[in-house]
Amino acid sequence: MEEGLEPHEVIERTVEHHQHGHEHGHASKRWSPTTLSAFTAAVLAVFAAVGSLLSGHAANQAILNQIEASDQWSYYQAKSTKGHIYEVGREIVTVLAATASDAKASLDRFDQQRSKYIEEKEPIKTKAEKLEKESRHEFEQHHYYSLGIASFQVGIVLASISILVRNRASWWLSLVAGLLGIMFLSRGWFLPP
């Protein structure tokens, strides 16, 4: 009576067959759906990291520009206040001029100082408005970068799901989410000032 294979022989043959199949099939299975999904998730993660850096930089620049604009507006207000002080001083001297003989010289000095502060305010106002505009632009860029990051994260999740459930449609949706993220990043990068 002939007996079958011993259990260790079955295991050895199964392992050999499995290894032999991987050696021959490795080149053709190099880009299996699982590998493609994993690669897609990795690429989307890199894009998300780049988008995060761009978003953080844009937000920081927007805040810095807004702070500098606020400083400029404070400086503008200080010049306005000084100009008003000279204007009020001129009015006081005008009222008292009826009794003073040297009022004309005082009035001229007040007029010169008031004019000086009015002239100095304009460039300050222009700079403050420019900084506010730059700040709004940076915040808008930050918004688009954030949308891109969110799209990349959705793509990463979809690619991961496609690995877990072996669903090709999830992988295609991850590519769509990635393309959407690239569009948002591009929109933020090329946003006209």
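Conventions adopted
- Residues numbered from 1 in each chain as written.
- Predicted model: local features only at pLDDT ≥ 70, side-chain atom pairs only at ≥ 80, totals over all residues.
- Heavy atoms only, no water.
- pLDDT = per-residue confidence, 0-100.
- Helix = DSSP H or I, 4+ residues; strand = E, 2+ residues; numbered from the N terminus.
- Core = buried A, V, L, I, M, F, W, Y, C linked by side-chain atoms within 4.5 Å.
- Buried < 20%, exposed > 50% of the residue type's maximum accessible area, 1.4 Å probe, protein only.
- Phe/Tyr/Trp six-rings, centres within 6.5 Å; stacked < 30°, edge-to-face > 60°.
- Contact = heavy atoms within 4.5 Å.
- Polar contact = N/O pair within 3.5 Å; in protein donor to acceptor, adjacent residues only side chain to side chain.
- Expected span 1.5 Å × (residues − 1).
- Arc of directions from axis to C-beta.
- Salt bridge = Lys/Arg side-chain N within 4 Å of Asp/Glu carboxyl O.

A.B. asks: Tell me about the confidence of the model for the protein chain, and please be specific about residues and values.
C.D. replies: Across the protein chain, pLDDT averages 85, with 82% of residues at or above 70. Mean pLDDT values for the elements of the protein chain range from 59 in helix α1 (residues 7–25) up to 95 in helix α4 (residues 168–189).

A.B. asks: Summarise the nonpolar core; cite the residues concerned and give the values.
C.D. replies: Core analysis: the biggest nonpolar cluster contains 6 residues, these being L44, A48, A58, Y145, F152 and L185. Sorting the residues of this core by element identifies α2 (33–96) and α3 (103–165) as the ones contributing at least two each. By residue number, the principal contributor to this core is α2, which donates 3 residues. With 5 residues, the next largest nonpolar core counts Y86, V93, L107 and Y117 among its residues.

A.B. asks: Account for the packing of aromatic side chains, with residues named and values stated.
C.D. replies: The geometry of an aromatic ring pair comes down to the distance between the two centres and the angle between the two planes. Summed over the entire model, instances satisfying the criterion amount to 4 aromatic pairs. For the ring pair F47 and F152, a centre distance of 5.5 Å and an interplane angle of 15° mean the geometry is stacked. One end of the pair, F47, is in helix α2; the other, F152, is in helix α3, with 105 residues separating them in the sequence. Taking 5.4 Å as the distance between ring centres and 85° as the angle between the ring planes, the aromatic pair formed by W73 and Y76 counts as edge-to-face. Here W73 pairs with Y76, and both are found in helix α2, just 3 residues apart, close to one helical turn. W73 gets classed as partly exposed once you look at its relative accessible area, which sits at 26%. Note on Y76: relative accessible area 16%, which makes it buried.

A.B. asks: Give me the environment of K79: which residues, what numbers.
C.D. replies: Note that K79 resides in helix α2. Distance from K79 to I124, taken between C-alpha atoms, is 9.3 Å for residues 45 residues apart in sequence. Each residue touching K79, except ones within four places of it in the same chain, is listed here: Y117, E120, K121 and I124.

A.B. asks: So what about the environment of E87? Which residues, and what values?
C.D. replies: Relative to the assigned elements, E87 resides in helix α2. The spacing of E87 and D111 is 24 residues in sequence and 7.5 Å in space, taken between C-alpha atoms. Among the polar contacts listed, one links the side chain of E87 to the side chain of R114, at a separation of 3.5 Å.

A.B. asks: Let's hear about α4: which residues, and what values?
C.D. replies: Compared with an ideal rise of 1.5 Å per residue, which puts 22 residues at 32 Å, α4 spans 32 Å between its outermost C-alpha atoms and is within 8% of the ideal. Along α4, the residues classified as buried are S170, W171, S174, A177, G178, G181, L185 and G188. For α4, the angular spread of buried residues about the axis comes to 115°, placing them on one side. Opposite the buried face of α4, at more than 90 degrees from it, the exposed residues are V176, L179 and M183. For α4, the capping residue at the N-terminal end is N167, with a side-chain oxygen 2.9 Å from the backbone nitrogen of A169.

A.B. asks: Break down unusual backbone geometry for me, with residues and values.
C.D. replies: One non-glycine residue, R166, lies in positive phi territory at about 55°. For R166, the position within the fold is in the loop between α3 and α4.

A.B. asks: Run through the pattern of salt bridges, naming residues and quoting values.
C.D. replies: Inspection of every chain in the model, using the stated rule, returns 4 salt bridges. A salt bridge links K127 to E68, with the nearest nitrogen and oxygen atoms 3.7 Å apart. Residue K127 is found in helix α3, and its partner E68 is found in helix α2; the two are separated by 59 residues along the sequence. A relative accessible area of 38% places K127 in the partly exposed class. For E68, a relative accessible area of 33% puts it in the partly exposed group. Residues R114 and E87 are paired through a salt bridge, measuring 3.5 Å at the closest nitrogen-oxygen approach. Placement of R114 in helix α3 and of E87 in helix α2 is noted, with a sequence separation of 27 residues between them.

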